[in-house]
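The residues making up each chain are set out below.
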Amino acid sequence: MLGKKRCVWKKIGECDAAMYGIIALLSAGVFCMIYGVRVLHPAYTDWLLSGGDLSQHYIGWKAYRSAKWMFPIGMTDRLVYPDCVSVIFTDSIPIFAVFFKLLSPVLPAEFQYFGVWGILCFVLQGCLSARIVRHFTKDRLFIVAAGVLFTLAPVMIWRMYAHTALAGQWILLFVMEPLFAYRKYEDNKKIFGTACAAGILAPAVHIYFVLMCGMVLAAFCLRDLLAQKRVKKSVEVLFLYVLSGCVTVWLLGGFSSSVQAASGGLGAYGFNMNALFNPQGWSCILQDLPLYGGGQYEGFAYLGAGCIGLLVLAAAFFLNAKQPRAVLQREWKALVSIVFLLAVAAWTAFSPVVTLGDHVIHEFALPELYIKIMSIFRASGRISWIIVYVLMLCSVIALAKCVEKRMLAAVLAAGIVLQAYDMHLILEAKKQQFQTETVYDSPLKTDAFWEEAAKETGHIVFAGEVSNEEMYAFGDWAFRNQKTLNTFYLARGAQEQVQKRLEEALEKLPEDHLFIFHDKDLLRCLDYDLHYYQIDGFIIGSRRHFDGFSPMEKEAFENVWTFGGNQYLENGQDTDDGRIINAGGLSYGPYWSVPAGNYRIEIAGEQILNNVQVIVYSQRGGCGHEVQWMEGTEDVLNLSLQLNEDVQDLEICLRNDMQDAVKVKGIRLIRE
C-alpha cells in the first residue's frame, strides 16, 4: 500500500501539468502577498480612482465600455468627443478591454479587470520562465524555483499598478523561448505560431512590446540563419509578425485615432550604463547611483541583489567548469544571436545619448527617419528589459549546467531569499498601499446639482486647465451617466484637434454642453453668454438654468487673491489678516488666466503707497506688461492694465525695496 502511494506521488512529481500548477500557485501567492486579494474583486474600483496612471487606465476602460461598438473595434468617442480615439492610447490593456466589453451586458455597473490582469501577469511570468529553463534541466524543484525567481523581477513589479499594461513582460519570455530552446523550433512550423501570437499579443497589451518582441524574433532569425541558412524562413517569420501586429493595431484603431503616435523626448528617457546595478530606491543592500536627468527612471533595469549574486556565481561556475572554451565553440551560434540581441537592445535603449551616472559618454547623430520612428517609442530605456531577462535566463541556465544537482535548488533558493530581502522595504510599502482598503472621495460632492446636470447635459467641456485627478473625477461621473468629455489624458496627445473643438464649442455654446472653469479662469467667463454656478470648487457654465441653484452675479466675476500658506512668497510670511513682505522680499503669482481687455488692479494693504514696487508679468517672467498708476490712498493702490491678447499665467509681483516690512491684505483684478 505504501509503495502504491509513493508511486502516485512520483507520477505527480513527473507530471508537467502538476509542475506548472505548482508554479502558478506559487506565483499567484507572491502576487497576493504583495497586493492582497481585495484588488481581485471585480466590483472594488475605489483603489483605481486615487490618481496617477491607474486612474487613467481605469477611466479609459470606462469610456471604452460606455461607448457604442464601432469599427475599428478599439475606438471610443467618449474621451475627445466628437472625435474618436483608440483604447490603445489610454493604456487600458486593449485585449482585456475588448474581451470584457463583449461581456459588458452581464457585468455589474462598477467593474474592473486590473486585479485579474495583475495576478495573471505573475502566473505567466513564473510559468513561461520555467518553460524556458525546463529545456536545460530535469530538476523540477530547480525549475519551480526559477519560476518564482522571475516573479521577483524588480522591472516587472515596478510597473505593476504604476503603468499597468507594461507589467505584461511575460510576453518577452514567451518570444524568448524559441531563441533559447532553438532545437524545439528549428525543424517545424511552431515558430510561425509564436510569431503570429506575439504579433497579436504585443500591441493588444502595450505598443512598446511590439518593438521589443520584434528584436527578440530578429535574434531568433539570426540564429536560424547561422544554423540552417534559411533566408526565406527568417523573412517569413518576420513578415508574419509584422503583418499580424499591423492587423491587430488596425483592428484596435491605432491607425484611425486623431492622436499623434510620435512624441518628443527621445533621449531624455533612456538607459544608463549603471542601470543594472542602480536600485533607484529598490534595495536595502546596494546604494543608489547617480542618473543623467530626471527622465532616466524609464530606464530602470535593476536586477536585484539576488539576481546579481546568481549572475556572478553563474559566471564563476562556468569559468571553473571543464572545457568552457569547448562549450562556447559548440554553442557559438546561440552565443552570437544572444550577443546580437543584447547589443541591439542596449543601443536602442541608450540612443541617442549614452550616459554613465550623471555624465554623457557619447551622443549619436542619428538619421531623421530613425528619430521619427523611434519617437513613437520615446521612453527608449524600457527596451533594457530585454537585457534584464536575457541575463536572468543566462545565469539560471548556466547554474543548471554547471552546478551539481544536489546543490542546484539550494543555490537558487538562496538567490530568491536574497532577492526578496533586498526589496522587502518596497514590497512592504506596496503591501501597505494595496492591502489597505481605499474609499474614493470624489471632489464632486453636491449630489443634487450633479443629478440635475445628468438629466440636462450630454457633454463635458473643460474650458480651462484642470488637473488629471479632476479630469478623472469628471470622467468617472460622465461615463456613469453616459456623457462625453472633450479631452482626456492620453498616452499621446491630440492637442490641436482638441483645441479646435474647444473653440467651436465656445463659439456655439450648445445647450447640452456643460463648461468647466476654475477660479483662475473667472474673468474669461465674461466672454461667454452662459449661466454660471459655483459648485464644488469649480465654476460650471451652461445655457440652461438649474432648478434650486442660483447663478453667480456679475459682481462675482473678478479675481481676488487673499493669500495664504506662504505660496508665491520670498522673504515674508502670510498671516490671518494679510501678507507680510520683509525688506527685499517678493510676492509673486498667482498665475491667473486672463482674456484680452482693460483691467483695474486694486492692491489693499497698510501704508503701501510708495513702499512697494508693482511689476506685472506673464510667461513666468518672460513677458512684462505696462501698468498705469491711478488715484489711490496710502492703503489702496489702483493701477490700470491693458492686455491686447489672452494671457494664461498673469502674475502681479510686489517687491518691497524699503527697510521696513509692509503688509498686503489682498489683490483684486477687475475687468473694466
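1. Observations concerning the packing of helix α12 (residues 305-320) against helix α17 (residues 405-422)
- Remark: α12 packs on α17, axes separated minimally by 6 Å, with the N-to-C direction vectors making an angle of 145°. Of α17, the residues touching α12 (which contributes Ala-305, Gly-306, Cys-307, Leu-310 and Leu-313) are Val-411, Leu-412, Gly-415, Leu-418, Gln-419 and Asp-422.
- The class makeup of the residues in the contact of α12 with α17 is seven nonpolar, three polar and one charged.

2. Structural notes on α17
- Its 18 residues place the ends of α17 26 Å apart at the C-alpha level, agreeing with the 26 Å of an ideal helix rising 1.5 Å per residue.
- Turning to α17, its buried residues are Leu-408, Ala-409, Val-411, Leu-412, Gly-415, Ile-416, Gln-419 and Asp-422. Buried residues of α17 fall within an arc of 160° about the axis and therefore sit on the same side. Every exposed residue of α17 that faces more than 90 degrees away from the buried side is listed here: Arg-406, Ala-410 and Val-417.
- Of the surrounding elements, those touching the buried residues of α17 are α6 (140-150), α7 (154-159), α12, α16 (385-402) and α18 (424-435).

3. Re the pattern of salt bridges
- Applying the stated criterion across every chain, the model contains 27 salt bridges.
- Measuring nitrogen to oxygen at the nearest pair gives 2.4 Å for the salt bridge that ties Asp-441 to Lys-445.
- According to the relative accessible area criterion, Asp-441 is exposed, its value standing at 56%.
- With a closest N to O distance of 2.7 Å, Arg-579 and Asp-574 form a salt bridge. Of the two residues examined, Arg-579 and Asp-574, each falls in the buried class.

4. Focus on the sheet that holds strand β7 (residues 513-517)
- The strand order across the open sheet formed by five strands is β6-β5-β7-β9-β8, and the pairing between neighbours is mixed. Single-partner strands in this sheet number two, and they are β6 (484-485) and β8 (531-535).
- When strand β5 (residues 459-462) meets β7, the two strands line up parallel, connected through four bridges. Looking at β7, one finds that His-459 is bridged to His-513.

5. A few points about unusual backbone geometry
- A cis amide bond links Tyr-81 to the next residue, Pro-82, at an omega of 5°.
- Mapped onto the fold, Pro-82 is located in the loop between β1 (75-80) and β2 (83-86).
- The step from Gly-589 to Pro-590 runs through a cis peptide bond, and the omega angle for that step is 0°.
- Within the fold, Pro-590 resides in strand β13 (residues 590-594).
- With phi around 55°, Asp-91 is a residue other than glycine that occupies positive phi space.
- The residue Asp-91 is located in the loop between β2 and α4 (94-102) in this model.
- A positive phi angle, near 65°, is found at Tyr-161, a position not held by glycine.
- Mapped onto the elements of the fold, Tyr-161 is located in the loop between α7 and α8 (170-180).

6. Comments concerning the packing of aromatic side chains
- All chains considered together, the criterion is met by 50 aromatic pairs.
- Ring centres of Trp-47 and Phe-434 lie 6.1 Å apart, and the angle between their planes is 80°; this geometry places the pair in the edge-to-face category. Linking Trp-47 in the loop between α2 (16-35) and α3 (53-66) with Phe-434 in helix α18, this pair joins segments that are 387 residues apart in sequence.
- Here Phe-434 falls in the buried class, since its relative accessible area comes to 6%.
- For the cation-ring pair, Arg-382 lies above Tyr-208, with the distance from its terminal atom to the ring centre recorded as 4.4 Å.
- If you follow Arg-620 out to its NZ or CZ, it ends over the ring of Tyr-591, 3.9 Å from the centre.

7. Looking at the pairing of strand β11 (residues 569-575)
- Both β11 and strand β12 (residues 578-587) contribute to a ladder of six bridges, which runs antiparallel. By the bridge assignment for β12, Gln-573 is matched with Ile-580.
- A loop of two residues connects β11 with β12, the two strands running antiparallel in sequence.

8. Describing the nonpolar core
- In this structure, Tyr-35, Tyr-161, Met-176, Ile-386, Tyr-389 and Trp-450 are the most contacted members of the largest nonpolar core, which totals 166 residues.
- Look past the residues within four positions of Ile-386 in its chain and what remains in contact with it is Leu-172, Met-176, Met-212, Met-215, Val-216, Leu-341 and Ala-345.
- Grouped together as the second largest cluster of nonpolar side chains are 26 residues, Trp-561, Leu-639, Leu-643 and Ile-667 included.

9. Remarks on the packing of α8 against α16
- Between α8 and α16, the shortest axis-to-axis distance is 11 Å and the interhelical angle comes to 50°. Accordingly, the angle class assigned to the pair α8 and α16 is oblique. α16 is crossed by α8, and the crossing has right-handed handedness. Contact residues: Leu-172, Leu-173, Met-176 and Phe-180 in α8; Trp-385, Ile-386, Tyr-389, Val-390, Leu-393, Cys-394 and Ile-397 in α16.
- Looking at the contact of α8 with α16 residue by residue, the classes come out as eleven nonpolar, no polar and no charged.

10. Regarding the side chain of Asp-476
- Note on placement: Asp-476 falls in helix α20 (residues 468-480).
- A polar atom in the side chain of Asp-476 sits 2.7 Å from the side chain of Lys-62.
- Discounting residues that sit within four places of it in the chain, Asp-476 has contacts with Leu-49, Ile-59, Lys-62 and Tyr-440.

11. Remarks on α8
- Judged by how many residues are buried, α8 sits mostly within the fold: ten of eleven residues are covered.
- Turning to α8, its buried residues are Trp-170, Ile-171, Leu-172, Leu-173, Val-175, Met-176, Glu-177, Pro-178, Leu-179 and Phe-180.
- The elements touched by buried residues of α8 are α5 (114-133), α6, α9 (190-205), α10 (208-228), α14 (332-350) and α16.

12. What to know about a nonpolar patch on the surface
- Together, Phe-71, Val-231, Val-235, Phe-239, Leu-243, Val-247, Trp-250, Leu-251 and Phe-255 make up a nonpolar patch on the protein surface, roughly 910 Å² of accessible area in all.
- With respect to the secondary-structure elements, Val-231 resides in helix α11 (residues 231-251).

Analysis parameters
- Residues numbered from 1 in each chain as written.
- Predicted model: local features only at pLDDT ≥ 70, side-chain atom pairs only at ≥ 80, totals over all residues.
- Heavy atoms only, no water.
- Axes fitted to C-alpha atoms, helices over the stretch in contact; angles between N-to-C directions.
- Helix = DSSP H or I, 4+ residues; strand = E, 2+ residues; numbered from the N terminus.
- Contact = heavy atoms within 4.5 Å.
- Nonpolar A, V, L, I, M, F, W, Y, C, P; charged D, E, K, R; others polar.
- Expected span 1.5 Å × (residues − 1).
- Buried < 20%, exposed > 50% of the residue type's maximum accessible area, 1.4 Å probe, protein only.
- Arc of directions from axis to C-beta.
- Salt bridge = Lys/Arg side-chain N within 4 Å of Asp/Glu carboxyl O.
- Pairing = 2+ DSSP bridges.
- Phe/Tyr/Trp six-rings, centres within 6.5 Å; stacked < 30°, edge-to-face > 60°.
- Lys NZ or Arg CZ within 6 Å of the ring centre and 35° of its normal.
- Core = buried A, V, L, I, M, F, W, Y, C linked by side-chain atoms within 4.5 Å.
- Parallel < 35°, antiparallel > 145°, perpendicular 65-115°, else oblique.
- Left-handed = near helix turned anticlockwise from the far one by under 90°.
- Polar contact = N/O pair within 3.5 Å; in protein donor to acceptor, adjacent residues only side chain to side chain.
- Patch = residues over 30% accessible without salt bridge, like charges linked within 9 Å, V, L, I, M, F, W, Y side chains within 5 Å.
- Areas by Shrake-Rupley, 256 points an atom, 1.4 Å probe, with all protein chains shown as cover.

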